[in-house]
Amino acid sequence: MDVNSLYTSITHEKGIAASKLLLENSGKSTTYVRLCIDLLRLVLYENYFLYEYTYYVQCQGTAMGSNVAPAYANAYMNSFEESFVYTDIRYEEHINCYLRYIDDIFFIWKGSIDTLQAFYQTLNSIYPELQFTMHFDPTQISFLDTLVRKDDQGFLSTDLFCKPTDCNSLLHYSSSHPKATRNSLPRSQFTRVARIVSDPDILPTRLEDMSQKFRERRYAQCLLDREKARALQPPPVSPSNTNENRVPFVHTFHPFMPKVERVINKHWPLLRKAYPNITSFSAPPLMCNRRAPNIRDKLVRADIGSLRPTTTQTTLTPHCSGTFPCLNCASCSNVIRSDSVTHPRTDTLSLLLISATNSAGLLPLLGRILPTLALGAVCVCADLYRVTSGPGLPVRRYFRAIFPPTLTLQASLQDSAARRGMRR
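Residues numbered from 1 in each chain as written. Predicted model: local features only at pLDDT ≥ 70, side-chain atom pairs only at ≥ 80, totals over all residues. Heavy atoms only, no water.

Caption draft 1: Local environment of the nonpolar core. Membership of the largest hydrophobic core comes to 31 residues, with the highest contact counts inside it found for Met 1, Leu 6, Phe 107, Leu 130 and Phe 132. Among the elements of the structure, α1 (6-9), α3 (30-45), α4 (69-85), β4 (95-101), β5 (104-109) and α6 (113-124) are those that each provide at least two residues to this core. Examining the composition of this core, we find that 7 residues originate from one element, α4, more than from any other. Ignoring anything within four residues of it in the chain, the contact list for Met 1 reads Asp 103, Asp 104, Ile 105, Phe 107, Tyr 120, Leu 123, Phe 132, Thr 133 and Met 134. Counting residues in hydrophobic clusters, the runner-up holds 14 residues, among them Val 193, Val 197, Leu 224 and Ala 231. (Core = buried A, V, L, I, M, F, W, Y, C linked by side-chain atoms within 4.5 Å. Buried < 20%, exposed > 50% of the residue type's maximum accessible area, 1.4 Å probe, protein only. Helix = DSSP H or I, 4+ residues; strand = E, 2+ residues; numbered from the N terminus. Contact = heavy atoms within 4.5 Å.)

Caption draft 2: Main features of the environment of Arg 291. Take Arg 291: it is sitting in the loop between β11 (286-290) and α11 (295-299). Judged by its relative accessible area of 54%, Arg 291 falls in the exposed class. Along the backbone, Arg 291 and His 251 are 40 residues apart, and their C-alpha atoms lie at a distance of 8.7 Å. In this structure, Arg 291 is in contact with Thr 252 and Asp 297, ignoring residues within four places of it in sequence. At a separation of 3.1 Å, a polar atom in the side chain of Arg 291 contacts the side chain of Asp 297. (Polar contact = N/O pair within 3.5 Å; in protein donor to acceptor, adjacent residues only side chain to side chain.)

Caption draft 3: Broad picture of the sheet that holds strand β7 (residues 140-143). Read across the sheet, 3 strands follow the order β7-β8-β9 without closing on themselves; strand pairing throughout is antiparallel. The open sheet is flanked by β7 and β9 (156-160), the only strands paired with a single partner. The mean angle between the axes of side-by-side strands here comes to 25 degrees, regardless of whether they run parallel or antiparallel. In terms of strand pairing, β7 meets strand β8 (residues 146-150) through 4 bridges, oriented antiparallel. Looking across to β8, one finds that Gln 140 is bridged to Arg 149. (Pairing = 2+ DSSP bridges. Axes fitted to C-alpha atoms, helices over the stretch in contact; angles between N-to-C directions.)

Caption draft 4: Looking closely at the pattern of salt bridges. Under the counting rule described, the total for this entry stands at 14 salt bridges. The residue Glu 13 makes a salt bridge to Arg 41 at a minimum N-O spacing of 3.9 Å. Of the two residues, Glu 13 sits in helix α2 (residues 12-25) while Arg 41 sits in helix α3, which places them 28 residues apart along the sequence. The salt bridge partner of Arg 215 is Glu 208, with a shortest N-O separation of 2.7 Å. Residue classification places Arg 215 among the partly exposed positions, given a relative accessible area of 26%. Connected through shared salt-bridge partners, Arg 187, Arg 226, Glu 227 and Arg 230 make up one network. (Salt bridge = Lys/Arg side-chain N within 4 Å of Asp/Glu carboxyl O.)

Caption draft 5: Expanded view of the confidence of the model for the protein chain. On average, residues of the protein chain score 76 in pLDDT, and 69% of them reach the 70 mark or higher. The weakest mean pLDDT in the protein chain belongs to strand β14 (residues 355-356) at 33; the strongest belongs to helix α8 (residues 203-216) at 93. Contacts for the low-pLDDT stretch residues 352-420, under 50 throughout, to residues beyond four places or in other chains number 131 contacts. (pLDDT = per-residue confidence, 0-100.)

Caption draft 6: Quick peek at the packing of α2 against α3. Where α2 contacts α3, the two axes come as close as 10 Å, and the packing angle between them is 155 degrees. One way to sum up the angle between α2 and α3 is to call them roughly antiparallel. The handedness of the crossing between α2 and α3 is right-handed. Touching His 12, Glu 13, Ile 16, Ser 19, Lys 20, Leu 23 and Glu 24 of α2 are Tyr 32, Val 33, Cys 36, Ile 37, Leu 40, Arg 41, Leu 44 and Tyr 45, all from α3. (Parallel < 35°, antiparallel > 145°, perpendicular 65-115°, else oblique. Left-handed = near helix turned anticlockwise from the far one by under 90°.)

Caption draft 7: Local environment of the side chain of Thr 146. By the element assignment, Thr 146 lies in strand β8. Of note is the side chain of Thr 146, whose polar atom sits 3.5 Å from the side chain of Asp 145.

Caption draft 8: Quick look at the packing of aromatic side chains. A full pass over the atoms with the stated rule returns 17 aromatic pairs. Measuring from centroid to centroid gives 6.2 Å for Tyr 98 and Phe 107, while their planes differ by 20 degrees, and the two rings are stacked. A relative accessible area of 17% means that Tyr 98 is categorised as buried. Phe 107 gets classed as buried once you look at its relative accessible area, which sits at 16%. When the centroid spacing of 5.0 Å and the interplanar angle of 80 degrees are considered together, the rings of Phe 214 and Tyr 219 count as edge-to-face. Put simply, the rings of Tyr 86, Tyr 91, Tyr 98, Phe 107, Trp 109 and Phe 119 touch in pairs and so form one group of aromatic residues. Lys 14 extends its terminal NZ or CZ atom over the ring of Tyr 127, reaching a point 3.5 Å from the ring centre. (Phe/Tyr/Trp six-rings, centres within 6.5 Å; stacked < 30°, edge-to-face > 60°. Lys NZ or Arg CZ within 6 Å of the ring centre and 35° of its normal.)

In structure tokens, the structure reads:
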């Protein structure tokens, strides 16, 4: 059984009430609970997104990519189960085992199918926004990546389950990831297979299938053989955590970072000797990798802007007025083409085309200039601005009067006709 669209089906008030009850039952202080609930309200009620130049606020549920979403959904489902599932008389009579992972539920039913259908219909009738989907089978059922079977004698066995649409999505060995991360993947996957498959006769076949997937992703056979043998051994005793007092060194991953790590570890004794009283310097830092931007970050956008003009302007002529993208920076996608700008305390100002370049530092002071100055920008990155001042006041002198000396703009009038107009 699973919940249909759990993250987007939770109403704000019910979810907040469930989270507050769970925090109060955990023994936290009243101040701590109030702070968590206030932050949760901020996340839920201020969750907006942009689509085709229109902002939308999510009135129900939580965003699936939010960090708080799994814990929030678990708190809501825990409150639902304690109120309606565990108190049902059919749960006590017919359910022998009940397990749940966020929105996926697995249980063993000992009653009739009619009673099971009645229990299922009761759950769907509690909240209209919370609906369940149920799949049942007398011999086998899948739950996450596990297939549970019942033999003729009534004993249960588990096997690895893969969806029909499953494909080999394991990380390629040539991917730009730390070597320790790539080498640890076979160990984790072989350990997962060894824990799920309960039949010792089927286990070698499942391990070989997993090895074949890694070979397709260019993993060395010696690495696969070593990790496969380690997965079949009894789990070792977990050692005590020795990294608690180590200083974390967080950096964006790069293939040359192992060389930097060797240099830091080589000269770390100098820092430890210089500051012997600081316990954090007693051991070398703990190297932590931050994911570097990938192709997906460059190509995937949250808002593709389907209403934006499909044509782009590559040149500016004296007949064009307003703001245009420079086509050479990350701000171009956010530039709104316009020949005027509206100020909250003045009327709409027309944007003229007299150029002043090298205008870095102009953006922070727009609020001071707009009431008395009409200006138009080619791009918000300050690559090229269009400025005009009052009559009889040169642009260079005007900006020196408005900006501090460190922010003085070196105006360059590129259009000869515009230069003659300014001299008048």
